[in-house]
Amino acid sequence: MGQITASQNMTLKVGKQEFTPGNQFVAVTQRYSKQTQLKDSDMVFVGYGIHAPELGWDDYKGIDVKGKTVVMLVNDPGFATQNPKLFRGNTMTYYGRWTYKYEEALRQGAAGALVIHETKAAGYPWGVVQSGAQGSKFTLLDAKDNADKLAVRGWLQKATAEKILKTAGYDYAKLKSAAAKPGFKAVDLHLATNLTINNTLKRGTSHNVVGMIKGSKYPDEAIVISAHWDHLGRDPNLKGDQIYNGAVDNASGAAALVSLAEAFKGTKPERSIYIVSFTGEEQGLLGSTAFANNPPLPTKDMVAMLNMDGMNVSGKVDYALLFGRGQNQLQTYLADAAKAQGRHLKDDPKPQDGYYFRSDHFALAHKGVPSLLFMSLGANDPEYIAKRYHKPADEYSPSWNLSGTAQDMALIYEITNKLANSRTWPQWYPGSEFKAIRDKDRQ
Ligand SMILES: [Zn+2]
């Protein structure tokens with residue numbers, strides 16, 4: 001993989017206006033190159049930047065964006081309108097995630113893609129975007145050192161987007177509401193975009209750790225269970241504690257994975273069980289993406305994936321959290337296993353934040369493998385997200401109560417065991433963004 005550090009000494013010029021990085025915009029690249037740029041690239045506002053044939057939605061319809069710079073809104077029209085019949089209403093779809101928007105822009109041949117930040121729609125404040133773009137970024141490298149990736153991936157502060165649109169003669173609020181309606185047409189702003197990013201480059205290697213229990217009857221079909229072993233490392237610029245221990249996120253999951261491997265040792269499942277400890281999750285699902293791109297068996301033969309990211313260390317609860325309601329049939333497996341424990345299913349309390357698209361299971365879902373996320377989100381400890389999540393304070397505490405972790409591990413064991421000893425293939429539900437990929441793979 002490559003470690004790319006963008007110099008913050010850059011200026012975004014749109015038409016005659018200039019913007020500075022940090023408060024007004026941020027920009028990075030995945031190209032492993034000392035310099036990447038947008039040179040007199042025409043700017044086009046593409047609404048939500050979504051091409052979803054199964055929903056009859058195409059923000060790129062009738063416009064050629066090759067070599068251009070596309071600007072788009074974060075989240076999706078369902079969130080914007082809170083209309084449950086549009087996309088998935090308040091629940092974020094993959095089309096709402098910025099990762100999707102960059103992928104689609106690249107497929108459309110754009111040179112640059114800029115997502116307009118709004119805190120509510122993104123689910124986190126500008127500070128997260130800003131700190132995320134600074135410092136070293138790790139990225140997977142392809143055979144061409146990512147020369148075919150977008151030259152620029154960036155974010156605009158809302159105020160920056162408002163200024164740009166105003167110059168082109170448009171009102172941000174009006175365009176935004178038009179973009180949430182079916183039949184929206186992209187708007188060529190006829191403004192030249194110029195931006196040069198200078199990068200410092202470094203190559204590196206990291207490893208996933210993969211274990212396997214071979215199936216006794218159907219070794220070529222597999223259930224994958226996983227947890228990421230990486231965290232954020234060390235920040236020498238911090239005063240006091242500089243070490244990101246990541247005790248909950250995700251030493252708890254990594255430990256649970258080892259325990260589950262031990263529990264399955266000596267059992268003879270009919271299908272194979274892969275036990276995978278991923279690297280680089282915090283850097284953008286790098287290990288799981290590498291695994292999905294070069295899988296030990298074809299992804300179409302992976303029956304299901306169960307991923308743990310942040311276990312519940314605050315004691316037993318009478319519910320099991322479900323992320324991604326309506327995505328796939330694994331939710332019925334989860335409901336059944338939870339019921340057997342006297343628990344009920346509880347929906348992810350913030351479906352608009354798109355957690356279903358934010359951990360390693362998603363790299364496999366993206367390839368059509370039905371997957372499930374186990375994340376406690378601090379469970380009955382809301383202070384965790386506020387004070388310890390992704391901070392050096394995510395440390396082990398003797399006050400941890402692991403009965404909640406054990407409860408979830410029993411659940412994961414149950415589901416894995418059930419799937420590993422059946423002929424069933426859990427399906428994506430109609431309307432899921434990932435159904436078409438799987439259906440094509442397994443037709
Ligand atoms: Zn994590």
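Fair warning: this is a prediction, and the values are worked out from it, not measured in the lab.

Colleague: Describe the overall build of the chain, listing the residues and the values that go with them.
Modeller: A count of helices and strands for the chain gives 13 helices and 21 strands. When its C-alpha atoms are laid out on the principal axes, the chain stretches across 70 × 50 × 40 Å. Sequence-distant contacts in the chain: of pairs separated by 6 or more residues, those separated by 24 or more amount to 81%.

Colleague: I'd like a description of the sheet that holds strand β14 (residues 218-228), backed by residues and values.
Modeller: Strand pairing in a sheet takes place through backbone hydrogen bonds and is either antiparallel or parallel in direction. Read across the sheet, five strands follow the order β13-β17-β14-β18-β21 without closing on themselves; strand pairing throughout is mixed. The sheet terminates laterally at β13 (209-213) and β21 (371-374), the two strands that pair on one side only. Adjacent strand axes in the sheet meet at a mean angle of 20°, parallel and antiparallel pairs treated alike. As defined by bridge partners, β14 adjoins strand β17 (residues 271-278) across eight bridges and the pair is classed as parallel. Across the sheet, the residue bridging to Ser-226 is Val-276, located in β17.

Colleague: Provide a residue-level description of the domain arrangement of the chain, including the pertinent values.
Modeller: Per the domain assignment, the segments of the chain are domain 1 (2-203) and domain 2 (209-441). Counting residues at the interface gives 13 residues for domain 1, matched by 12 residues for domain 2. Class assignment of the residues belonging to the side of domain 1 that touches domain 2 gives a composition of six nonpolar, five polar and two charged.

Colleague: Requested: an account of helix α8 (residues 286-293), with residues and values cited.
Modeller: The element α8 is largely enclosed, with a buried count of six among its eight residues. The elements touched by buried residues of α8 are β10 (136-139), β14, β17 and α10 (361-365).

Colleague: Tell me about unusual backbone geometry, residues and numbers included.
Modeller: Residue Asn-250 follows Asp-249 across a cis peptide bond; omega there is 15°. Note on placement: Asn-250 falls in helix α7 (residues 247-264). You will see that Asn-146, though not glycine, has its phi angle at about 65°, which is positive. By secondary structure assignment, the location of Asn-146 is in the loop between β10 and β11 (152-157). With a phi close to 55°, Leu-285 is a non-glycine residue in the positive phi region. Take Leu-285: there are 25 C-beta atoms within 10 Å of it, and that puts it in the buried class.

Colleague: Requested: an account of the pairing of strand β8 (residues 69-73), with residues and values cited.
Modeller: Of all five residues making up β8, five are buried, and the element is well covered by its neighbours. Sheet topology note: the strand β5 (residues 35-45)/β8 ladder contains three bridges and is parallel. Pairing of Phe-45 across the sheet is with Val-71, part of β8. Relative to strand β9 (residues 112-117), β8 is paired through five bridges, and the arrangement is parallel. When the bridges of β9 are listed, Val-70 appears paired with Ala-113.

Here is what the cut-offs are and how they apply
- Residues numbered from 1 in each chain as written.
- Predicted model: local features only at pLDDT ≥ 70, side-chain atom pairs only at ≥ 80, totals over all residues.
- Helix = DSSP H or I, 4+ residues; strand = E, 2+ residues; numbered from the N terminus.
- Contact = placed C-beta atoms within 7 Å.
- Pairing = 2+ DSSP bridges.
- Axes fitted to C-alpha atoms, helices over the stretch in contact; angles between N-to-C directions.
- Domains from an automatic or database assignment.
- Nonpolar A, V, L, I, M, F, W, Y, C, P; charged D, E, K, R; others polar.
- Buried ≥ 20, exposed ≤ 12 C-beta atoms within 10 Å, placed from the backbone.

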